[in-house]
Amino acid sequence: MLYIIGLGLGDEKDITLRGLEAVQKSQKVFIEAYTSLLSFGISSDGLSTLEKLYGKSITVADREMVEEKADDILLEATSSDVAFLVVGDPFGATTHTDLVVRAKKLGVDVKVVHNASVMNAIGVCGLQLYRYGETVSLPFFTDTWRPDSFYEKIQRNRKLGLHTLCLLDIRVKEPSLESLCRGKKQYEPPRFMAVSVAIEQLLEVEQMRGENAYTEDTTCVGFARLGSEDQLVVAGSMKQLLEVDFGLPLHCLVIVGDTHPVEEEMLDFYKLAKNQGQA
Ligand SMILES: C[S@@+](CC[C@H](N)C(=O)[O-])C[C@H]1O[C@@H](n2cnc3c(N)ncnc32)[C@H](O)[C@@H]1O
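Here the structure is a predicted model, which is why all the values come from computation and not from measurement.

A.B. asks: Summarise the domain arrangement of the chain; cite the residues concerned and give the values.
C.D. replies: If you check the domain split of the chain, you get domain 1 (2-116) and domain 2 (119-270). Computed from C-alpha atoms alone, the centre-to-centre distance between domain 1 and domain 2 is 26 Å. With both chains or domains summed, domain 1 and domain 2 bury close to 1000 Å², and 52% of this area falls on carbon and sulfur atoms. When the buried area of domain 1 at its contact with domain 2 is split by residue, Leu9, Leu37 and Glu64 rank highest and sum to 39% of it. On inspection of domain 1 and its partner domain 2, the count reaches zero residue pairs in polar contact (both at pLDDT 80 or more).

What follows is the structure in structure tokens.
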């Protein structure tokens, strides 16, 4: 049996009882560590905190392992119970549907244990989850790679008056381009996109495209460390949020569409004063 278990967003204590039972009866436990992170990251300290509570040793599954060696994990699950832990909810990232499809094709039984995801935790700011359009992912721009396909999606959402959730790039154990060219993989240090970098990139693309999908005065909500004790939620214009230090990762951003009066009332609790964040 393959158990795919959501860990929730905060720390080791956010696993559900059902998830914990599945972990404890599994012979092998993997944790996926490249689409999201718990508040303490995947440092050896963080991992041992999980191992202590769950009473199991845990193998970190990086992108290479999940994408290239998934069949090894699935093979183990044909003859024993294997737990695959995912921060948030297993289906809060597009990647894990592929694991389920592969498992089913190999005849491996799959059980999913759900948990809170960034996709619903953003509800804390008061914008109705029913009033969101397509979610977009913002990748780190490089000197030679500045993809902007998210622009049309945001534009479409805003034409329909819908809010847009922007998920921000996480780069963990990514091989550097130079090392790939040299044929010997070396990994970049981990990087997590901050709200300010996301807004700079969004405004750069708006300046290039010039179609007014949004402007620096468009209202947004920035979120950091949702689900943790020190989570931060701040609403303001793009220009204002550029100046806010959201602190440690993870961050995400919502571009606000048309609002209902009750949504406005809730957003007001998180708004910066009008003159804050202005140059
Ligand atoms: C692929 S998504 C989320 C996957 C996860 N399985 C889930 O259900 O929440 C990862 C992105 O969501 C955002 N994110 C995830 N957890 C977050 C948190 N606790 N606070 C703020 N943003 C978060 C970040 O932008 C991050 O790059």
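Moving on from the model shown.
A.B. asks: Outline the nonpolar core, supporting the account with residue identities and numerical values.
C.D. replies: The biggest cluster of nonpolar side chains holds 27 residues, and the ones touching the most others in it are Leu138, Phe150, Leu202, Tyr214, Leu241 and Leu253. Broken down by secondary-structure element, the contributors of at least two residues to this core are β6 (136-138), α7 (150-159), β7 (164-168), α9 (195-209), β10 (219-224), α10 (238-241) and β12 (251-255). Among the elements that take part in this core, α9 stands out by supplying five residues, more than any other. Those residues in contact with phenylalanine 150 that sit more than four places away from it in its chain are Val136, Ser137, Leu138, Pro139, Phe141, Leu202 and Val205.

A.B. asks: Which residues make up the packing of α7 against α9, and what values go with them?
C.D. replies: Between α7 and α9, the shortest axis-to-axis distance is 11 Å and the interhelical angle comes to 85°. On the basis of their axis angle, the class for α7 and α9 is roughly perpendicular. For the pair α7 and α9, contact is made by Phe150, Tyr151, Glu152 and Ile154 and by Leu202, Val205, Glu206 and Arg209, respectively. Among the residues making up the contact of α7 with α9, the classes are represented as five nonpolar, no polar and three charged.

A.B. asks: Describe the pattern of salt bridges, naming the residues involved and giving the relevant values.
C.D. replies: Between side chains of opposite charge, a pair can form when the charged atoms approach closely. Scanning the entire structure with this criterion turns up 14 salt bridges. Its salt-bridge partner being arginine 131, residue glutamate 263 comes within 3.2 Å of it at the nearest N-O pair. With a gap of 132 residues between them, glutamate 263 in helix α11 (residues 261-268) and arginine 131 in the loop between α6 (118-121) and β6 connect regions that are remote in the sequence. With its nearest N and O atoms 3.9 Å apart, the salt bridge here joins lysine 239 to glutamate 216. With lysine 239 in helix α10 and glutamate 216 in the loop between α9 and β10, the pair connects residues that are 23 residues apart, well separated along the chain. Here the salt bridges share partners, and the residues they tie into one network are Asp148, Glu152, Arg209 and Glu211.

A.B. asks: Tell me what's going on with the site of the ligand, and back it up with residues and numbers.
C.D. replies: In the neighbourhood of the ligand, 19 residues make up the surrounding shell, with Val87, Ser117, Val118, Leu168 and His251 lying closest. For the shell around the ligand, the secondary-structure elements that each account for two or more residues are β7 and β12. Two domains share the shell around the ligand, each providing at least three of its residues, namely domain 1 (2-116) and domain 2 (119-270).

The rules behind these values
Residues numbered from 1 in each chain as written. Predicted model: local features only at pLDDT ≥ 70, side-chain atom pairs only at ≥ 80, totals over all residues. Heavy atoms only, no water. Domains from an automatic or database assignment. Buried area = accessible area lost by both parts, 1.4 Å probe. Polar contact = N/O pair within 3.5 Å; in protein donor to acceptor, adjacent residues only side chain to side chain. Core = buried A, V, L, I, M, F, W, Y, C linked by side-chain atoms within 4.5 Å. Buried < 20%, exposed > 50% of the residue type's maximum accessible area, 1.4 Å probe, protein only. Helix = DSSP H or I, 4+ residues; strand = E, 2+ residues; numbered from the N terminus. Contact = heavy atoms within 4.5 Å. Axes fitted to C-alpha atoms, helices over the stretch in contact; angles between N-to-C directions. Parallel < 35°, antiparallel > 145°, perpendicular 65-115°, else oblique. Nonpolar A, V, L, I, M, F, W, Y, C, P; charged D, E, K, R; others polar. Salt bridge = Lys/Arg side-chain N within 4 Å of Asp/Glu carboxyl O. Near = heavy atom within 4 Å.

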